[in-house]
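Structural description and commentary
The lines below spell out each chain.
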Amino acid sequence: MANPTTNSGTVEELDAVVVGAGVSGLYQLYRLREAGLKVRCLEDGSGVGGTWYWNRYPGCRFDSESETYGYTFSKELQQEWNWKEHYSGQPENEQYLNFMADKFGLKRDIRFNSHVTSAVYDEKANRWDVQIENGQRLRTQFLIGAVGILSARYVPPFEGIDSFKGQSFHTSRWPKEKIDFTGKRVGVIGTGATAVQLIPIVAKEVAHLTVFQRTPNYCAPLRNALVSDESQRRFKATYDEIYQKCLSSPAGFPYDFDRRKALDVPREERLALYEELWAQPGFKKWLGNFRDIMTDRAANEDFAEFVRNKIRARVKDPKVAEMLAPKDHPFGAKRIPLETEYYEAYNRDNVLLVDINKTPIERITPKGLKTSDKEYEFDVLIYATGFDAISGPLTRMDIRGQGGQQLREKWAKGPRTVLGLQTAGFPNFFIATNTAFCNYTICAEKIVEWITDCIGYLRNKNYSRIAPTVQAEDAWVAHVNEMGSQTFLTSAKSWFVGDNIPGKAHAVLLYANTAPAYRAKLAETAAKGYEGFELR
Ligand SMILES: Cc1cc2nc3c(=O)[nH]c(=O)nc-3n(C[C@H](O)[C@H](O)[C@H](O)COP(=O)(O)OP(=O)(O)OC[C@H]3O[C@@H](n4cnc5c(N)ncnc54)[C@H](O)[C@@H]3O)c2cc1C
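The sections below set out a description of the structure shown in this document. For clarity, every value in this text was computed on a predicted model and none was experimentally measured. (Residues numbered from 1 in each chain as written. Predicted model: local features only at pLDDT ≥ 70, side-chain atom pairs only at ≥ 80, totals over all residues. Heavy atoms only, no water.)

**So, the nonpolar core**
With 140 residues, the main nonpolar core has L26, I144, I199, L209 and W450 as its most contacted residues. Broken down by element, the residue count for this core peaks at 11 residues, all from helix α15 (residues 440-460). When near neighbours in sequence (up to four residues on either side) are disregarded, L209 contacts V186, V188, I199, V202, A203, N350, V351 and L352. Within the second largest apolar cluster, 21 residues are counted, among which are Y121, M397, I399 and F429. (Core = buried A, V, L, I, M, F, W, Y, C linked by side-chain atoms within 4.5 Å. Buried < 20%, exposed > 50% of the residue type's maximum accessible area, 1.4 Å probe, protein only. Helix = DSSP H or I, 4+ residues; strand = E, 2+ residues; numbered from the N terminus. Contact = heavy atoms within 4.5 Å.)

Laid out in structure tokens, this is it:
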């Protein structure tokens, strides 16, 4: 790609800049280019894929059914791609996104290894001035942050972190080459969804594995399998049906909640349903369960105890089983990790679980890690410590809107948006990430299409800028908080509410309404000429 800003020092003038080349950014680039805009996509990594580019740790894979996660906008793409596994692994997911980017010739408009450090709005010119770490600059009318919800990795600021003499990795910055764990002493910090995928695989390779756990999670069996030729044919023949089913379900998955109240159903019948759900793959035991397990304490506890008993039945040492059985938060209040032989890993002689509530980590040492109790020696330390979720990728950039207002400051008490898509005082800045509680791609596609249509509308009507009103923003933030308060999704200390990051404001980061209700709001706002937004 011709690159006018590199050597000559000239600044490239564009209609739109998309930051991020994951699922959302790739589709956003495609749609805006199709709409006739001059677009560039800027990506920190050296390839496309976002989440599926960065997270190369052993065991990384979908928790969504593969056939529901792929794009739906192109029937040709659906027919050309063959999913190998029902819950496809990272290497294949990365290949899929490369296949998509190549099919639509997107890479020529992506600048890789381009970390955006700042974007400043020039009010007079109605242009965003975008600065890349390597010194390049671009000017654009529309700026789209497709920076993801889980892309800003978080490493706790442990004392002595740089002193460790062995190898250390954060799961979301995993090297491209295979790490050989044979004969090694390995420590894993964290037991969230990522660690739950990684631990059973690494446990089989290492000499010894120590897992440092702060909060046990309610993990449920994934039950992955290879896609047979027959299933492949069925996907391809029924993609429209699968899509419709996902569209109409509350969270974008091909199953719906059971509308009965859990405790109205006789105990035997209820347990039979739990067992039936448990035997099925994927998130069905969460999102196909009784609806009120997400809103009613007693209903939730009934299923939570069922899950604890499943854990107890799989972990041989009762003390370890109790350490792994969550008791401090409701089922579903944190992201439910899906697992394959996770609990069995703790039955191995070479695996030790350490509760860091009882013996907190004091520091990282040259040899390993010191808790209040003792020093553990390692050859490899794995940080499965998660992300500064949802707002983090945006607030880590220096984004400044009207009057030099900094996004980071504006959002100090939590994100302030309308529909998760725009924030007042930052004209023509769109956020193309899915913050609805929804299977990712199915809602991300709608968000990208909304942004594309909105820009088309502005251009057709000769408007040059759009931003939400402060009143509409206040109303949306209140509504998001209200929806959050009605479910357990926001009731635990988790990344859903920013509580995994010390000092981050406790705020509802996800829109906890149903996905159809969210999409209806998107459609309604557009149909009403972008009600709640000021167009000039
Ligand atoms: C391990 C893991 C498993 C997951 N599994 C599922 C699943 O099964 N189902 C599901 O629905 N969701 C899942 N998710 C959520 C997942 O993040 C989304 O499904 C989806 O991949 C997000 O796509 P995105 O394009 O919005 O963001 P991302 O894929 O995160 O892409 C954002 C891109 O923006 C780039 N970027 C960020 N900041 C900058 C900057 N300043 N300058 C330049 N580039 C920047 C990043 O490098 C990244 O490549 C998972 C997340 C993780 C971490």
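Back to the text.
**Observations concerning helix α6 (residues 193-205)**
I199 marks where α6 bends most, by close to 35°; the proline P200 follows one to four residues later. Residues T194, A195, V196, Q197, L198, I199, P200, V202 and A203 constitute the buried set of α6. For α6, the secondary structure elements touched by its buried residues are β8 (185-189), β9 (208-213), β11 (338-339), α12 (342-345), β12 (351-355) and β16 (380-383). (Bend = angle between axes of the 7 residues up to and from the residue.)

**Considering the site of the ligand**
Close to the ligand lie 31 residues, the nearest being S24, D63, S64, Y69 and Y440. At 3.0 Å from an oxygen atom of the ligand is found a main-chain nitrogen or oxygen belonging to V23. Within the side chain of Y440, an N or O atom sits 2.7 Å from an oxygen atom of the ligand. Burial of the ligand by the protein amounts to 94% of the accessible area it has alone, namely 980 Å². Contributions of two or more residues to the shell around the ligand are made by α1 (23-34) and α2 (51-54). Looking at the shell around the ligand element by element, the count peaks at 3 residues for α2. Of the residues assigned to the shell around the ligand, the class counts are 15 nonpolar, 13 polar and 3 charged. (Near = heavy atom within 4 Å. Polar contact = N/O pair within 3.5 Å; in protein donor to acceptor, adjacent residues only side chain to side chain. Areas by Shrake-Rupley, 256 points an atom, 1.4 Å probe, with all protein chains shown as cover. Nonpolar A, V, L, I, M, F, W, Y, C, P; charged D, E, K, R; others polar.)

**A few points about the pairing of β8**
Among the 5 residues that make up β8, 4 are buried, leaving the element largely enclosed by the rest of the structure. Pairing geometry for β8 and β9, over 5 bridges, is parallel. Looking at β9, one finds that V188 is bridged to V211. For the segment spanning β8, α6 and β9, crossover handedness is right-handed. Pairing of β8 with β16 involves 4 bridges; the strand directions are parallel. Paired with I189 across the two strands is Y383, which belongs to β16. (Pairing = 2+ DSSP bridges. Right-handed = clockwise from strand over helix to strand, strands pointing away.)

**As for the sheet that holds β16**
Read across the sheet, 5 strands follow the order β7-β16-β8-β9-β12 without closing on themselves; strand pairing throughout is parallel. Two strands close off the open sheet at either side, each with one partner strand: β7 (167-170) and β12. The mean angle between the axes of side-by-side strands here comes to 15°, regardless of whether they run parallel or antiparallel. (Axes fitted to C-alpha atoms, helices over the stretch in contact; angles between N-to-C directions.)

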